[in-house]
Amino acid sequence: METVQRSSPIYDPNFSVDGIGSVARSTVVELLEEMNGDQLRIMKSRSPELEPHQIPPKTDWRTWLMLGGRGAGKTFAGAFWLHELARNTRGLRLALVGSTLHDVREVMVEGPSGIKTIAADADRPRWEGGRKRLVWERTQSVAYAFSAEDADSLRGPQFHAAWADEFCAWREPGRVLENLRLGLRLGLAPRLVVTTTPRPIPALRALIAEGRPELETSRGGTALNEKNLSPGFLTDLRRLYGGTRLEAQELEGLVVEAEGALFRAGDLSRARGVRPGRLETVIVAVDPPASAHGDACGIIVAGRADGRGFVLADRSARGLTPLGWGRRVAAVAEEFGADAVVAEANQGGEMVRTVLEQAGCVPPIRLVHASRSKRARAEPVATLYERGRVVHCGDFPELAEELMGLGSEERGRSPDRADALVWALTELLLKARGMPRVWVG
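These numbers were taken from a predicted model, which means no experiment stands behind them.

Undergrad: Pulling in residues and values, what's your account of the overall build of the protein chain?
TA: Of the regular secondary structure elements, the protein chain holds 15 helices and 17 strands. Sequence separation of 24 or more characterises 70% of the internal contacts of the protein chain that already satisfy a separation of 6 or more. As presented, the protein chain carries roughly 20300 Å² of accessible surface, and 49% of it is formed by carbon and sulfur atoms.

Undergrad: Could you give me a rundown of the nonpolar core, with the residues and numbers involved?
TA: Counting residues in each nonpolar core, the largest one holds 36 residues, and the members touching the most others are Phe 263, Val 311, Val 381, Tyr 385, Leu 403, Leu 421 and Leu 425. Elements represented by at least two residues in this core include exactly α10 (265-270), β11 (281-287), β12 (298-305), β14 (340-344), β15 (365-370), α13 (374-386), α14 (397-405) and α15 (416-430). Tallying contributions element by element places α15 first for this core, with 10 residues. Formed by 29 residues, the second largest nonpolar core is a distinct cluster that contains Val 282, Ala 305, Ala 330 and Leu 356.

Undergrad: Describe the environment of Arg 264, listing the residues and the values that go with them.
TA: Assignment of secondary structure puts Arg 264 in the loop between α9 (245-251) and α10. Look at Arg 264 and you get partly exposed, because its relative accessible area is 40%. Expressed as a C-alpha distance, the spacing of Arg 264 and Ala 382, which sit 118 residues apart in the sequence, is 8.5 Å.

Undergrad: Pulling in residues and values, what's your account of the pattern of salt bridges?
TA: Applying the stated rule across the entire model yields 22 salt bridges. One salt bridge in this structure joins Glu 128 and Arg 133, with 2.6 Å as the shortest N-O distance. Exposure class is identical for Glu 128 and Arg 133. Each is buried. Note that Glu 427 is salt-bridged to Arg 366, the shortest N-O span being 2.5 Å.

Undergrad: Residues and numbers for the pairing of strand β8 (residues 161-165), please.
TA: In terms of burial, β8 is a largely internal element, five of the five residues being buried. Where strand β4 (residues 93-98) and β8 come together, four bridges link them in parallel fashion. Residue pairing across strands places Ala 95 opposite Ala 162, the latter belonging to β8. Here five bridges tie β8 to strand β9 (residues 191-196), and the two strands are oriented parallel to one another. By the bridge assignment, Ala 161 is partnered in β9 with Arg 191. A crossover connection joins β8 to the parallel β9 through helix α6 (residues 173-182); in handedness this β-α-β unit is right-handed.

Undergrad: Give me the lowdown on the sheet that holds β4, citing residues and values where you can.
TA: Spatially, eight strands are ordered β5-β6-β7-β4-β8-β9-β2-β10 in an open sheet, and the strand pairing comes out mixed. Both outer strands of the open sheet, β5 (126-128) and β10 (215-220), are each paired with one neighbouring strand and no more. Within the sheet, the average angular offset between the axes of one strand and its neighbour, ignoring direction, is 15°. Pairing between strand β2 (residues 63-68) and β9: five bridges, direction parallel. In the sheet register, Thr 63 faces β9, and the bridge partner there is Leu 192. This element, helix α3 (residues 74-88), spans β2, β4, β6 (133-136), β7 (141-147), β8 and β9 of the sheet and lies at about 165° to β8.

Undergrad: Residue-level account of the confidence of the model for the protein chain, with values.
TA: Averaged over every residue, the pLDDT of the protein chain is 79; the share at 70 or more is 76%. Counting interchain partners and residues more than four positions distant, the pLDDT-below-50 stretch residues 4-29 has 52 contacts. Throughout residues 39-45 the model reports pLDDT below 50, and contacts reaching past four residues in sequence, or to other chains, amount to 11 contacts.

Undergrad: Before we move on, can you summarise helix α11 (residues 322-336) with the specific residues and values?
TA: Along its 15 residues, α11 runs 21 Å from first to last C-alpha, staying within 8% of the 21 Å computed at 1.5 Å per residue. Of the surrounding elements, those touching the buried residues of α11 are β11, β12, β13 (308-314), β14 and α12 (350-358). Positioned one or two residues after α11, Gly 337 has a phi angle of 60°, which is positive.

Undergrad: A description of unusual backbone geometry should follow, citing residues and the corresponding values.
TA: Residue Gln 140 is not a glycine yet carries a positive backbone phi of 60°. Within the secondary structure, Gln 140 is located in the loop between β6 and β7. Of note in this structure, Asp 306 is not a glycine but carries a positive phi near 55°.

Undergrad: Which residues make up helix α7 (residues 202-210), and what values do they have?
TA: In an α-helix there are 3.6 residues to a turn, and that puts residues three or four apart on one side. Restricting attention to buried positions, one finds in α7 the residues Leu 204, Arg 205, Leu 207 and Ala 209. Looking at the buried residues of α7, the elements they touch are β2, α6, β10 and α14.

Undergrad: I'd like a description of the environment of Arg 138, backed by residues and values.
TA: When you line up the elements, Arg 138 lands in the loop between β6 and β7. The partly exposed category is assigned to Arg 138, whose relative accessible area is 33%. Residues Arg 138 and Arg 90, 48 residues apart in the sequence, show an inter-C-alpha distance of 8.2 Å. Engagement of the side chain of Arg 138 in a polar contact is seen with the backbone oxygen of Arg 87, the distance being 2.8 Å. Looking at Arg 138, its side chain comes within polar contact range of the side chain of Asp 123, at 2.8 Å.

Undergrad: Run through the packing of α13 against α15, naming residues and quoting values.
TA: One way to put it is that α13 packs onto α15 with a least axis distance of 10 Å and a crossing angle of 60°. Considering their axes alone, α13 and α15 lie oblique with respect to each other. As for how α13 packs across α15, the hand of that crossing is left-handed. For the pair formed by α13 and α15, the contact residues are Lys 374, Arg 377, Ala 378, Pro 380, Val 381, Leu 384 and Tyr 385 on the first element and Asp 419, Leu 421, Val 422, Trp 423, Leu 425, Thr 426, Leu 429 and Leu 430 on the second. Along the lines of polarity and charge, the residues of the contact of α13 with α15 split into 11 nonpolar, one polar and three charged.

Undergrad: How would you summarise the packing of α11 against α12 if you had to cite specific residues and measurements?
TA: Running from N to C, α11 and α12 point in directions that differ by 65°, and their axes come no closer than 8 Å. In this view, α11 runs roughly perpendicular relative to α12, as classed from their interaxial angle. Seen from above, α11 lies across α12 with right-handed handedness. For the pair formed by α11 and α12, the contact residues are Pro 322, Leu 323, Trp 325, Gly 326 and Val 329 on the first element and Val 352, Val 355 and Leu 356 on the second.

Rules used in this analysis
Residues numbered from 1 in each chain as written. Predicted model: local features only at pLDDT ≥ 70, side-chain atom pairs only at ≥ 80, totals over all residues. Heavy atoms only, no water. Helix = DSSP H or I, 4+ residues; strand = E, 2+ residues; numbered from the N terminus. Contact = heavy atoms within 4.5 Å. Areas by Shrake-Rupley, 256 points an atom, 1.4 Å probe, with all protein chains shown as cover. Core = buried A, V, L, I, M, F, W, Y, C linked by side-chain atoms within 4.5 Å. Buried < 20%, exposed > 50% of the residue type's maximum accessible area, 1.4 Å probe, protein only. Salt bridge = Lys/Arg side-chain N within 4 Å of Asp/Glu carboxyl O. Pairing = 2+ DSSP bridges. Right-handed = clockwise from strand over helix to strand, strands pointing away. Axes fitted to C-alpha atoms, helices over the stretch in contact; angles between N-to-C directions. pLDDT = per-residue confidence, 0-100. Expected span 1.5 Å × (residues − 1). Polar contact = N/O pair within 3.5 Å; in protein donor to acceptor, adjacent residues only side chain to side chain. Parallel < 35°, antiparallel > 145°, perpendicular 65-115°, else oblique. Left-handed = near helix turned anticlockwise from the far one by under 90°. Nonpolar A, V, L, I, M, F, W, Y, C, P; charged D, E, K, R; others polar.

Set out below in structure tokens:
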């Protein structure tokens, strides 16, 4: 595998004339100074202004999962990433996996945002229908088409990288993904990009649960790509589906509630609002992780005013040591002027208080212990959302997804953000009524 050296400017998937990505600023300036007017116009035409959710994360990920609403630019992002890889590197073996072979060709290859459509003439790959492959003549990189309807077709072939589109529409997503990953064994760092509108299926929840550093997740709603859509498209759909489960899934790109879930997309959508000018009290609720390598530390900031709870921030984080998450909680408490820190102590007991105190946590620390199941504790909080007594003062997509997963039979990572929120709203709005049953240390 060899990177192609070009006399024209080096083009990086994270670079555009309007924004500097992974290319050093000094290098970009030198390149632009050497270009004449015609070259600049060509560069601009081939350098689309990618939205943040369409840009690959700058980490050592093995899988990049891009969740987006309809028309959010998922296909463009996947096609752009794979095309740039193929046209700049010699001899790559790549995989294109769609719901059917028809979808691979009509959407991923030749669709309005497909690889051949976005490619410039000089680098446009050739589709060989008989062999079901896409060939970049200059670099001799090849992308082979596969249908998710035939999981066994991925047994045997091996690849440097792959792009899988509309994962949630596959008939057997888990099995196909497993076979695809087993084939990513060429080169030093094989990579997989998965683009999909989410659905509440176990395979997607399991994929999301893998977490960093192996997996990076990006989210983008349809509104982020509105400038590239038909005028009135978004307005009409919001008029028809605003505040419903369908809006959350198909327009906002959220993993909505599964069967048996307590929190509904419509209630969470209606919960959006603004922070009041004055809050009676502010607390930071903490759901500590069992280890530094497992679940996240759920950290939710919430306040109370006029009998309603206001969710101010989600500062949850993964991969922190006990002192690390303790310091994070202390910093968040100081930032929001918290009156108290409420922390679940089922796992660590008094050690949780010790960690927070050693980390410099100033507000009083209240330890709470669950005596009921997660579902039982969350039920009265879900009722608060149904009654309109909770306001989200910001956009918290990961928190919303965890809430919509509470109560379902699906298994995955612990819903740490959701657990912290339940503790926060229980403390602020339900404690006086004794719901749910907890004891405070």
